[in-house]
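Given next are the chains, with one letter for each unit.
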Amino acid sequence: MGTRKKVQAFVRVRPTDDFAHEMIKYGEDNKSIDIHLKKDTRRGVVNNQQTDWSFKLDGVLHNASQDLVYETVAKDAVSQALDGYNGTIMCYGQTGAGKTYTMTGATENYKHRGILPRALQQVFRMIEERPTHAITVRVSYLEIYNENLFDLLSTLPYVGPSVTPMTIVENPQGIFIKGLSVHLTSQEEDAFSLLFEGETNRIIASHTMNKNSSRSHCIFTIYMEAHSRTLSDEKYITSKINLVDLAGSERLSKTGSEGRVLKEATYINKSLSFLEQAIIALGDQNRDHVPFRQSKLTHALKDSLGGNCNMVLVTNIYGEAAQLDETLSSLRFASRMKLVTTEPAINEKYDAERMVKNLEKELALLKQELAIHDSLSNRTLVNYDPMDEIQIAEINSQVRRYLEGTLDEIDIINLRQIQEVFNQFRVVLSQQEQEVESALRRKYTLIDKNDFAAISAVQKVGLMDIEGNLVGEPDGQSFGLGVAPFSVKPGKKPKTKKTPKDQFSSSARKEGASSPVSGKDFDVASISKTQLIPSSKDGDLKDMLARERETSSIEPLISDSPKEELRAPRPSTPPSRTVAFEEFKNERGSEINRIFKENKSILNERKKRASETTQRINAIKQEIDETKDALNFQKSLREKQGEYENKGLMIIDEEEFLLILKLKDLKKQYRNEYQELRDLRAEIQYCQRLVDQCRHRLLMEFDIWYNESFMIPEDVQVALKLGSSIRPGMVPISRIVCLGEDDQDRFSHLQQTVLPEGLDSITFYNAKVKTDQKVTLDIHVCEGGGPEDFVIRILRTTNSIR
Ligand code: ADP
Ligand code: MG
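Cut-offs and rules
- Residues numbered from 1 in each chain as written.
- Chains lettered and ligands numbered in written order.
- Predicted model: local features only at pLDDT ≥ 70, side-chain atom pairs only at ≥ 80, totals over all residues.
- Heavy atoms only, no water.
- Helix = DSSP H or I, 4+ residues; strand = E, 2+ residues; numbered from the N terminus.
- Buried < 20%, exposed > 50% of the residue type's maximum accessible area, 1.4 Å probe, protein only.
- Contact = heavy atoms within 4.5 Å.
- Areas by Shrake-Rupley, 256 points an atom, 1.4 Å probe, with all protein chains shown as cover.
- UniProt positions renumbered as here; feature names shortened; annotations may be inferred.
- Phe/Tyr/Trp six-rings, centres within 6.5 Å; stacked < 30°, edge-to-face > 60°.
- Expected span 1.5 Å × (residues − 1).
- Pairing = 2+ DSSP bridges.
- Axes fitted to C-alpha atoms, helices over the stretch in contact; angles between N-to-C directions.
- Core = buried A, V, L, I, M, F, W, Y, C linked by side-chain atoms within 4.5 Å.
- Salt bridge = Lys/Arg side-chain N within 4 Å of Asp/Glu carboxyl O.
- Near = heavy atom within 4 Å.
- Polar contact = N/O pair within 3.5 Å; in protein donor to acceptor, adjacent residues only side chain to side chain.
- Nonpolar A, V, L, I, M, F, W, Y, C, P; charged D, E, K, R; others polar.
- Parallel < 35°, antiparallel > 145°, perpendicular 65-115°, else oblique.
- Left-handed = near helix turned anticlockwise from the far one by under 90°.

## Overview of the overall build of the protein chain
So, point 1. Assigned secondary structure in the protein chain consists of 25 helices and 21 strands.
So, point 2. Across the 802 residues in the protein chain, those meeting the buried criterion constitute 39%.
So, point 3. Relative to all contacts within the protein chain whose residues are 6 or more apart in sequence, the contacts with residues 24 or more apart total 73%.
So, point 4. As displayed, the protein chain has an accessible area near 48200 Å², and 53% of this comes from carbon and sulfur atoms.

Structural data, given as structure tokens:
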């Protein structure tokens, strides 16, 4: 599947006594035709007319029997159709060149029967050869005449003429012709009768060149569906073969048609030229649109031209010199057709009914399996059915009690229950969110922080100062915490801002709160982007806001100071390093600490495995010794009793033989275990290195953090942070404190002068350096060749550190 395949193009030459030998020549491999045209002397002196052409094809059928034609052209495509590949075989050529002869053949002479009856025979023969499958065959026979669709099998008594005209319908399964009768045929003979019925019904137009030549396109389709006789097999395949006898391809001028026949001829040429356009589009890999809907012919064949089909074209030509013009144009069509590639694919489908049945069986089996499993593990009968409302309500109540703290744990029963517990957590959480918000709304008026007009109005009323801090509150409580100021003018000292040092209380630390927002204030802060205003002045305020919006055009108060990093406030005396380390592990160092812990647990696990393996090895060793002793004992016994020998081979008794086998087996086990131990030891060594590395990193980061948080005066920190990539904790305190403004200037000056492209290039080079560092570290880690999870972990470590 998935392999692209070219359309196969053959040429069949109609037998003649007057073959133009000097003009038509076949290649030696019989896969090309060269045409040589004599110069047209009537055209005068200046004559640039091309006189030689060469066409590459898949085969030239000259004086070929119907039998050989079928073998060459159709046999493979038909055989593949039974395997689920769609196929299309088309005959193209000027009227009288032998299309109908090739496709249908002589209906009165069995020997001269064409591709169609032979294809039906092959299909039924192959079905007989496949007793493992139930294969149904259906056929239809469509004629397209003057852009009208005709059912060539509608004359059958059980079909009856169609009331509405037939239409071409596209559905996901492919093209389907509404109103066209499709006939189930269970044997070859039935299929033949249908074919003959259709043949007699073909509309024959009289024509100057060939009385019996058809002026219409005829499409005989064989549909197949193969289901395995094994009922558990859900897959089945469908396919169809289109056998197309196209109308004459000759151009209008040649025929000299008039009146009705002229109209027919125009139509024929038009639909064939649309067919050609579609084929050119199919042959062009860069075109995604193929104009299938321009004519009934191309539309009806949409899913059978190119695409996932096997496609074969037979171009019928005359061998006479007089027809060379038409022959040339037919050969051009054939060579264009050869450019088209298709991607034949099996049409595999699933039998929904069989699938449901199989799944039901499987489900029943798994339930039994589960019941056995439950009873073996002494679990009381667990119900695995979907939960009803009462059970869900019970889980909801459990979750609520758990959240309140009245329930210590929620018992795990099965997967469905666990999923429902999580589900109910979400339900409860969102309900609580809503409750909090509506409670706030009842008490306060919430203002969007981006609504500057509203904020300015509030400031005017005096409810909020210029920094966005709320000033007045009826019950005297402050609730401004956690809301960032939205305007801090640079250089201007905040009026009421407390220093973080003052805010920090050791009790807050003990509670493990890492942000200044705690307890009751947390809910308030969670309503982000929203300012809170007491609702006592609600009415006045709303009026004010409305007025403000109408009259004023207030400049947005956009903060131009850099965004403050959220950090824990600092205590006045630094905490002890042990205490601080615990805190560090929960805060900034949490990721490294987690990785450290993970790596350590892997290391311990490997160590445990190594010690288990050692124990096993010792046990095996002991057993080996014991077996050896037993074997020696047996041997000495044998020696004492006198040895048997048969043709130079030692005869030993069964017991000894079994002991030898056992010893061999034990030695093998010993070797395996030993190998494992060796691998484990290497792994442990590697893991140990990683753990050490992680520990070192953790301590180093902690030192930096500790210095940063407690040892460096705040103003120095601020100075260092501006435009510098140095992290304060990395530099000895003495160096930092003496790094005055001059040093700072010199440093940035250095950065600018050393970097060739000046200030703009700093970010570029910084990024480059970081990438380089990352790459070297990654490579280093990968080269270590340790267990995969370790590699990933250390990569993550390096990422999170940076
Ligand atoms: P088309 O369908 O292309 O118009 P037909 O198949 O009707 O042409 O052929 C026209 C005539 O030539 C028919 O009488 C047919 O029997 C005869 N004919 C065509 N090809 C061959 C052939 N390969 N061998 C014998 N007779 C042929
Ligand atoms: Mg014909």
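## So, the UniProt feature "coiled-coil region" (unreviewed entry) in the protein chain
So, point 1. As recorded in UniProt, the feature "coiled-coil region" (unreviewed entry) lies at residues 349-376 and 603-683.
So, point 2. As annotated, residues 349-376 has a helix share of 89% and a strand share of 7%, and its two end C-alpha atoms lie 41 Å apart.

## Considering the packing of aromatic side chains
So, point 1. Using the criterion set out here, one finds 12 aromatic pairs in the structure.
So, point 2. Plain terms: the ring middles of Y92 and F333 are 3.8 Å apart, the flat faces sit at 10° to each other, and that makes the pair stacked. Of this pair, Y92 sits in strand β7 (residues 87-93) while F333 sits in helix α9 (residues 324-338), and the two are 241 residues apart along the sequence.
So, point 3. Pairing Y402 with F425 gives two aromatic rings, centres 6.2 Å apart and planes at 90°, and the pair type is edge-to-face.

## Focus: helix α4 (residues 115-128)
So, point 1. If you check α4, its first and last C-alpha atoms are 20 Å apart, about what 14 residues at 1.5 Å a residue would give, namely 20 Å.
So, point 2. Of all 14 residues making up α4, 12 are buried, and the element is well covered by its neighbours.
So, point 3. Those residues of α4 not exposed but buried are I115, L116, P117, R118, A119, L120, Q121, Q122, V123, F124, M126 and I127.

## Structural notes on the environment of L339
So, point 1. When you line up the elements, L339 lands in the loop between α9 and β16 (341-342).
So, point 2. Owing to a relative accessible area of 53%, L339 belongs among the exposed residues under this scheme.
So, point 3. When the C-alpha positions of L339 and K6 are compared, they lie 6.8 Å apart, and in sequence the two are 333 residues distant.
So, point 4. Excluding residues that lie within four positions of it along the chain, L339 makes contacts with K6 and G283.

## Some points on the sheet that holds strand β3 (residues 24-26)
So, point 1. Read across the open sheet, the three strands follow the order β3-β4-β5; overall the sheet is antiparallel. Looking at strand neighbours, the two that pair on one side only are β3 and β5 (52-56), the edges of this open sheet. Put simply, the sheet's adjacent strands are angled 20° from each other on average, direction ignored.
So, point 2. The sheet contact formed by strand β4 (residues 32-36) and β5 spans five bridges and is antiparallel. Across the sheet, the residue bridging to I33 is F55, located in β5.
So, point 3. Strands in contact with α9 are β3, β4 and β5; relative to β5, the strand with the most contacts, it is inclined by about 40°.

## So, the nonpolar core
So, point 1. In terms of nonpolar packing, the biggest core is built from 50 residues, with I33, I35, M90, L142 and L275 touching the most fellow members.
So, point 2. In contact with I35, not counting residues within four places along its chain, are M23, I24, T51, D52, W53, F55, L324, L328 and L331.
So, point 3. A64, A77, A81 and A191 belong to the second-largest nonpolar core, a separate cluster that totals 43 residues.

## Comments concerning the pattern of salt bridges
So, point 1. Summed over the entire model, instances satisfying the criterion amount to 26 salt bridges.
So, point 2. Ionic pairing is found between E71 and K75, a salt bridge with its closest N-O pair at 3.8 Å.
So, point 3. On the basis of relative accessible area, E71 is assigned to the partly exposed category, the value being 43%.
So, point 4. Of the charged contacts, one joins R638 and E656 as a salt bridge, the two residues approaching to 2.6 Å between their closest N and O atoms. Of this pair, R638 sits in helix α19 (residues 590-641) while E656 is found in helix α20 (residues 654-711), placing the two residues 18 residues apart along the sequence.

## Side note on the environment of Y85
So, point 1. One can find Y85 in the loop between α2 (75-81) and β7.
So, point 2. The buried category is assigned to Y85, whose relative accessible area is 15%.
So, point 3. Ignoring any residue separated from it by four or fewer positions in sequence, one finds Y85 in contact with Q80, S239, N310, P344, A345, I346 and N347.

## Observations regarding the site of ligand 1
So, point 1. Among the 13 residues in the neighbourhood of ligand 1, the closest are listed as G96, G98, K99, T100 and Y101.
So, point 2. Contacts to ligand 1 include K99, whose backbone N or O atom sits 2.8 Å from an oxygen atom.
So, point 3. Burial of ligand 1 by the protein amounts to 72% of the accessible area it has alone, namely 550 Å².
So, point 4. With three residues, the top contributor of residues to the shell around ligand 1 is helix α3 (residues 99-103).
So, point 5. Partitioning the shell around ligand 1 into residue classes produces three nonpolar, seven polar and three charged.

## Focus on the packing of helix α18 (residues 577-586) against α20
The angle between the axes and the distance between the axes are what describe a pair of packed helices.
So, point 1. Closest axis-to-axis distance for the α18/α20 pair is 10 Å, and the angle between their directions is 110°. Classed by the angle they form, the pair α18 and α20 counts as roughly perpendicular. Residue-level contacts link R577, A580, F581, E583 and F584 of α18 to L698, L699, E701, F702, D703, W705, Y706 and F710 of α20.
So, point 2. Of the residues belonging to the contact of α18 with α20, the class tally is nine nonpolar, no polar and four charged.

## Re the packing of helix α1 (residues 66-73) against α4
So, point 1. α4 packs onto α1 with a crossing angle of 60° between their chain directions and a minimal axis gap of 10 Å. Taken together, α1 and α4 sit at an angle that is classed as oblique. Crossing of α1 over α4 shows right-handed handedness. Here Q66, D67, Y70 and V73 of α1 lie close against α4, whose contacting residues are I115, R118, A119 and Q122.
So, point 2. For the contact of α1 with α4, the per-class residue count stands at four nonpolar, two polar and two charged.

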